[in-house]
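Examination of the molecular architecture
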Amino acid sequence: MTNTILEVERLGKSFGSHMALRDINFSVKQGEIISVLGPSGCGKSTLLQLIAGLQQPDEGEIRLRGTTVASVSKLLAPEKRGINMVFQDYALWPHMTIYDNMAYGLRRKKVPAAAIREQLAELVALLHLEGLEDRLPPQLSGGQQQRVAIARALATKPDLLLLDEPLSNLDMRLRIEMRSEMAYLFRQLGTTVFHVTHDPDEAFAMADRLMIMRAGAVDQIDRPQICYDRPATLSAAMLLGAGNRLTSKLVREGEHATVKIAGHEIVGTTPGYSKVLQAEAVDLLFRPDSALWQSIPTAAANQLPVHVLHSVFEGKRWRVLAKTEDGQPISFLHDDYLDAGLEGSLHISASDAFVFPKQSA
């Protein structure tokens, strides 16, 4: 991947007094899959619309293959950008057959019928749509319609494919199947993809890099494993599963900081190192599956005493709700049911505990 397909520089967009995007900067290489992850209202859909040409920026610019397609003074029409988009609701023509839906863009480009048949035959095979070509979209399942929408978008071989929450209308089993199939397909074809989602599992399954957004800005952009292991902000950590958030007091600062909770010391990592140095009140975050239950406390470091409140079976494991000695709620996963009222402790390794300055997420 050496060629840059998409460049976004100092991008900003406001709607009245609301600043939807501010100072967005990133680039996408040819064949790369970028997944944009963030909660509702963070600006990811606005960013997608700006790249697609459906909105004009108030600041900055967007370049495709080195050519400016959007700025404060310029807006190239969507159909002239070499971009295709797969919408959340698929947007298939209900009165057209599956074949005609897939061929629509190629026919508009006046591609010969023989060449259309050849190109679509490959996509039909890759997307497992054999035998469905003469049906209408309402006659297909949600997963099949989603495959047709992808085939239609890929048929014209766009420079960039935009995906807007493409799996949100599918049930959980189909979402898991489709995210793996899509990642394999795009890599097989070398397709450059800009993918918006609110589902971390979907983003992890597909992305070469994650872009984590919050309140119209980018919190972090990096490889999925780096974002998971070293979330750059408290919000990024929570978005990527660190659901336990305990108010703590900073005892010793540094890249590995020591905090105190109800008189017990816990060592954690500090992704926001420079900011933690200036904070006394901090938040300690960790994932429920990172905490190891111990019914008999040991002298080992990073032990946090807890009181069990309730256990809920989640299929393979139990999710246990508990509280710390100072009454803060906490949850963790365990192989067995734990009775309410049990006293024990949780062991949390320093690499799985994240320390951030006290703030609102």
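Per an unreviewed UniProt entry, the protein chain is named Carnitine transport ATP-binding protein OpuCA, and its organism is Paenibacillus catalpae. Here is the UniProt Subunit (unreviewed entry) comment for the protein chain, exactly as written: "The complex is composed of two ATP-binding proteins (OpuCA), two transmembrane proteins (OpuCB and OpuCD) and a solute-binding protein (OpuCC)." Database annotation for the protein chain, UniProt heading Catalytic activity (unreviewed entry): "a quaternary ammonium(out) + ATP + H2O = a quaternary ammonium(in) + ADP + phosphate + H(+)".

Time to look at the overall build of the protein chain. Within the protein chain, the regular secondary structure consists of nine helices and 20 strands. With respect to the three principal axes, the spread of C-alpha positions in the protein chain is 75 × 45 × 40 Å. Out of the 361 residues belonging to the protein chain, those deemed buried represent 48%. For the protein chain, restricting intrachain contacts to residue pairs at least 6 apart in sequence, the fraction spanning at least 24 positions comes to 66%.

Attention now goes to the pairing of strand β8 (residues 193–197). The buried count for β8 comes to five of five residues, which makes it a mostly enclosed element. Every second residue of β8 is oriented toward a common face, with Val 193, His 195 and Thr 197 on one face and Phe 194 and Val 196 on the other, all of them buried. Two strands pair when backbone bridges link them, and strand β3 (residues 33–37) and β8 are joined in this way by five bridges, in the parallel orientation. Bridge assignment links Leu 37 to a residue of β8, and that residue is Thr 197. Both strand β7 (residues 160–164) and β8 contribute to a ladder of four bridges, which runs parallel. For Leu 161, the partnering residue across the bridge sits in β8 and is Val 193. With helix α5 (residues 172–189) bridging β7 and the parallel β8, this β-α-β connection has right-handed handedness.

Take the pairing of strand β17 (residues 318–324) next. As defined by bridge partners, strand β16 (residues 303–313) adjoins β17 across seven bridges and the pair is classed as antiparallel. Following the sheet pairing, Phe 313 is matched in β17 by Trp 318. The antiparallel hairpin formed by β16 and β17 contains four residues in its connecting segment, where Gly 315 sits at a positive phi of about 110 degrees. Sheet topology places β17 next to strand β18 (residues 329–334); six bridges connect them, and they run antiparallel. By the bridge assignment for β18, Trp 318 is matched with His 334. The hairpin formed by β17 and β18 contains four residues between the paired strands, and Gly 327 there has a positive phi angle of roughly 85 degrees.

Looking at the element boundaries, Thr 324 is found in strand β17. The contacts of Thr 324, once residues within four sequence positions are left out, are Leu 246, Leu 304, Pro 305 and Ile 330.

Our focus in this paragraph is the UniProt feature "domain: ABC transporter" (unreviewed entry) in the protein chain. Here the UniProt feature "domain: ABC transporter" (unreviewed entry) sits at residues 6–240. Secondary structure content for residues 6–240 is 36% helix and 27% strand, and the end C-alpha separation is 26 Å.

Our focus in this paragraph is the sheet that holds strand β19 (residues 343–348). An order of β15-β19-β16-β17-β18 is seen for the five strands of this open sheet, with the pairing classed as antiparallel. Strands with a single pairing partner mark the edges of an open sheet, and in this sheet they are β15 (291–294) and β18. Averaged over all pairs of adjacent strands, the angle between strand axes in this sheet comes to 45 degrees, irrespective of strand direction.

Between helix α3 (residues 113–126) and α5, the shortest axis-to-axis distance is 11 Å and the interhelical angle comes to 145 degrees. In this structure, α3 contributes Glu 122, Leu 123 and Leu 126 to the contact, and α5 contributes Leu 185, Gln 188 and Leu 189. Broken down by class, the residue content of the contact of α3 with α5 amounts to four nonpolar, one polar and one charged.

Moving on, we come to the side chain of Gln 328. Inspection of the secondary structure assignment puts Gln 328 in the loop between β17 and β18. A distance of 2.7 Å separates the side chain of Gln 328 from the backbone nitrogen of Thr 247, its partner in a polar contact. Those residues in contact with Gln 328 that lie beyond four places of it in its chain are Arg 245, Leu 246, Thr 247, Ile 261, Ala 322 and Lys 323.

Counted by the stated rule, this structure contains six aromatic pairs. Ring centres of Trp 293 and Phe 332 lie 5.7 Å apart, and the angle between their planes is 5 degrees; this geometry places the pair in the stacked category. One end of the pair, Trp 293, is in strand β15; the other, Phe 332, is in strand β18, with 39 residues separating them in the sequence. Each member of the pair Trp 293 and Phe 332 is classed as buried. A ring pair is formed by Trp 318 and Tyr 337, whose centres lie 5.2 Å apart and whose planes are at 75 degrees; its orientation type is edge-to-face.

Moving on, we come to unusual backbone geometry. Most of the time, phi is negative for any residue but glycine, and the peptide bond is trans. Positive phi values are uncommon outside glycine, yet Arg 65 reaches one of about 50 degrees. Mapped onto the elements of the fold, Arg 65 is located in the loop between β4 (59–64) and β5 (67–70). Despite not being glycine, His 128 shows a phi value in the positive range, around 55 degrees. Counting through the fold element by element, His 128 comes out in the loop between α3 and α4 (142–155).

Conventions used here
Residues numbered from 1 in each chain as written. Predicted model: local features only at pLDDT ≥ 70, side-chain atom pairs only at ≥ 80, totals over all residues. Heavy atoms only, no water. UniProt positions renumbered as here; feature names shortened; annotations may be inferred. Helix = DSSP H or I, 4+ residues; strand = E, 2+ residues; numbered from the N terminus. Buried < 20%, exposed > 50% of the residue type's maximum accessible area, 1.4 Å probe, protein only. Contact = heavy atoms within 4.5 Å. Pairing = 2+ DSSP bridges. Right-handed = clockwise from strand over helix to strand, strands pointing away. Axes fitted to C-alpha atoms, helices over the stretch in contact; angles between N-to-C directions. Nonpolar A, V, L, I, M, F, W, Y, C, P; charged D, E, K, R; others polar. Polar contact = N/O pair within 3.5 Å; in protein donor to acceptor, adjacent residues only side chain to side chain. Phe/Tyr/Trp six-rings, centres within 6.5 Å; stacked < 30°, edge-to-face > 60°.

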